Amino acid sequence: MMRAQARVTVHQPLRATVARVEGDLDLVSLPQVERDLRAAATEPGAQALVAVDMTGVTYLNSAAIRLLYDLAEDLRARRRELRLVMSSDAPLRTLFRRLRFDTVIPVHDTVDEAIAEASPDRLEGNGGRAGVTGWPIQGG
């Protein structure tokens, strides 16, 4: 069985940067997915809320979970927020609940729900620009 090539598409609805991830997140695809997600989250026009829509993810490994955790920590250090989106009946959602991962990064059924439930102070008035440029890169 051929695996689905992972890809990331980014769009900016009002009040959020949304990165839709599709396909398999494995050792081959993960480096490019990480570059795409980090670019989307840190570009000058990025919003304070970054929602990663994982509805189209068909597989992920532990390195992909680590990437999401690290990205959430990096954004938190920049006073920004990461939220995940996946359908409530997705096998990944069940796994995230079992791992209690959703206590670290909020998980929502839809992008609209993720935006609606984000911290109001994350969504107000900075136009997505404050605190983005000029911050040192956090070393791991």
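That block above? That's the structure.
Quantities reported herein were computed from a predicted structural model and do not represent experimental measurements.

1. Some thoughts on the pairing of strand β2 (residues 17-25)
Okay, step 1: Counted residue by residue, β2 has seven buried out of nine residues, so it is predominantly covered.
Okay, step 2: Two elements, strand β1 (residues 7-11) and β2, share five bridges in a ladder whose sense is antiparallel. Directly across from T9, in β2, lies its bridge partner R20.
Okay, step 3: Linking β1 back to β2 in an antiparallel pair, the connection comprises five residues, with R15 at a positive phi of about 80°.
Okay, step 4: Relative to strand β3 (residues 49-60), β2 is paired through eight bridges, and the arrangement is parallel. Bridging from a neighbouring strand, D24 pairs with Y59 of β3.

2. Quick look at the environment of L68
Okay, step 1: Note that L68 resides in helix α2 (residues 62-77).
Okay, step 2: Judged by its relative accessible area of 3%, L68 is buried.
Okay, step 3: In this structure the C-alpha to C-alpha distance between L68 and L82, which are 14 residues apart in sequence, comes to 8.7 Å.
Okay, step 4: Once residues lying within four places of it in the same chain are set aside, the contact partners of L68 are M54, L82, L84, F96, F101 and I105.

3. As for helix α1 (residues 30-42)
Okay, step 1: Look at α1: 18 Å from first C-alpha to last across 13 residues, which is about the 18 Å you get at 1.5 Å a residue.
Okay, step 2: Within α1, the full set of buried residues consists of L30, V33, L37, A40 and A41. Summarising the axial view, the buried residues of α1 lie within an arc of 95°, below the 170-degree limit, and thus occupy one face.
Okay, step 3: On its buried face, α1 sits against β1, β2, β3 and α2.

4. Things to note about α2
Okay, step 1: Here α2 is 16 residues long and its end C-alpha atoms lie 23 Å apart, about the 22 Å a rise of 1.5 Å per residue gives.
Okay, step 2: The complete set of buried residues in α2 reads A64, I65, L67, L68, L71, A72 and L75. Looking down the long axis of α2, one finds its buried residues gathered within 155° of arc, a one-sided arrangement. Away from its buried face, by an angle of more than 90 degrees, α2 presents the exposed residues S62 and R66.
Okay, step 3: In the core, the buried residues of α2 are packed alongside β2, α1, β3, β4 (81-85) and α3 (91-98).
Okay, step 4: Between a side-chain oxygen at the N-terminus of α2 and the backbone nitrogen of A63 the separation is 3.1 Å; the capping residue is N61.

How each quantity is defined
- Residues numbered from 1 in each chain as written.
- Predicted model: local features only at pLDDT ≥ 70, side-chain atom pairs only at ≥ 80, totals over all residues.
- Heavy atoms only, no water.
- Buried < 20%, exposed > 50% of the residue type's maximum accessible area, 1.4 Å probe, protein only.
- Helix = DSSP H or I, 4+ residues; strand = E, 2+ residues; numbered from the N terminus.
- Pairing = 2+ DSSP bridges.
- Contact = heavy atoms within 4.5 Å.
- Expected span 1.5 Å × (residues − 1).
- Arc of directions from axis to C-beta.
- Polar contact = N/O pair within 3.5 Å; in protein donor to acceptor, adjacent residues only side chain to side chain.

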